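Secondary and tertiary structure notes
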Amino acid sequence: MHEFAVLTPAEIERRVVAYLQGRPEATRDDWKRLGAHGMRWLYTIAVCPTEGTRANRLRAAALATLGQLAGRSRMEALLDVLVEPDVPVMVRCGAVEGLGYAAHPRALPALQAQAFHHDFRVRLYACTALGRIGSAGARRILEDVGERDPHSQVRRAATVELERARARSSSLPPVPEPDVGDYEGPARIGRAATVSVE
């Protein structure tokens, strides 16, 4: 029988930062071994505004990881980042990535707005996140982005993610469509995005 040593809070915090930096690549079991203290530290890094490229990179990784590990239970933290004033693009991309991993229907309106963000990098991350969700609403947004985005790389990403989502949905039994509010189609998306970006 293999027993694990009890980790000190300092060692847990060191491991959280190391895992977020990819040194070493952490599995879900590695994160579980860090226990509640490790998740609290991950959450703290994810939600606390930072300054500087290194700190923003760490926060973005924490947001994406939070979406993977906590999923729907921490979705509010991911959504809150998107409404922070002057949030750096890198951090915004981490929150969008986390929302894609959480794959909750409530993330769809926020991802819709990010799919029309002024920075093309955010739009790229939104395409990947929408592709992960793969619902009919997400596919409609990807279709619109694939047709209308001014950046060719974003249009290609939307088309690739749309095809992946269609392939996954054709191999699965039908799932009830999530409520996406007052979504009225492509014309509505453009107006909503303009309002949310300002």
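Scope of this entry: the structure provided in the associated data block.

Conventions used here
- Residues numbered from 1 in each chain as written.
- Predicted model: local features only at pLDDT ≥ 70, side-chain atom pairs only at ≥ 80, totals over all residues.
- Heavy atoms only, no water.
- Helix = DSSP H or I, 4+ residues; strand = E, 2+ residues; numbered from the N terminus.
- Buried < 20%, exposed > 50% of the residue type's maximum accessible area, 1.4 Å probe, protein only.
- Areas by Shrake-Rupley, 256 points an atom, 1.4 Å probe, with all protein chains shown as cover.
- Phe/Tyr/Trp six-rings, centres within 6.5 Å; stacked < 30°, edge-to-face > 60°.
- Lys NZ or Arg CZ within 6 Å of the ring centre and 35° of its normal.
- Core = buried A, V, L, I, M, F, W, Y, C linked by side-chain atoms within 4.5 Å.
- Contact = heavy atoms within 4.5 Å.
- Expected span 1.5 Å × (residues − 1).

1. Describing the overall build of the protein
Regarding its fold elements, the protein presents 11 helices and zero strands. Ordered by position from the N terminus, the helices and strands of the protein form the series α-α-α-α-α-α-α-α-α-α-α. Per-residue burial over the protein gives 43% buried out of 198 residues. Approximately 11,000 Å² of the protein is accessible, and the part contributed by carbon and sulfur atoms is 54%.

2. What about the packing of aromatic side chains?
For the structure shown, the criterion picks out one aromatic pair. Its end group placed over the ring of Y43, R74 keeps NZ or CZ at 4.6 Å from the ring centre.

3. Quick word on the nonpolar core
Of all hydrophobic cores here, the largest spans 45 residues; its most connected members are V16, L20, L99, L111, L130 and V145. Once you skip the residues sitting within four places of it in the chain, L99 turns out to touch M75, L78, L79, L82, A107, A110 and L111.

4. Quick notes on helix α1 (residues 9-20)
When the terminal C-alpha atoms of α1 are compared, their 17 Å separation across 12 residues agrees well with the 16 Å that a helix rising 1.5 Å per residue should span. By the burial criterion, the buried members of α1 are I12, V16, A18, Y19 and L20. On its buried face, α1 is in contact with α2 (28-33), α3 (35-47) and α4 (53-69). Of the residues one or two after α1, G22 is the one with positive phi, at around 80°.

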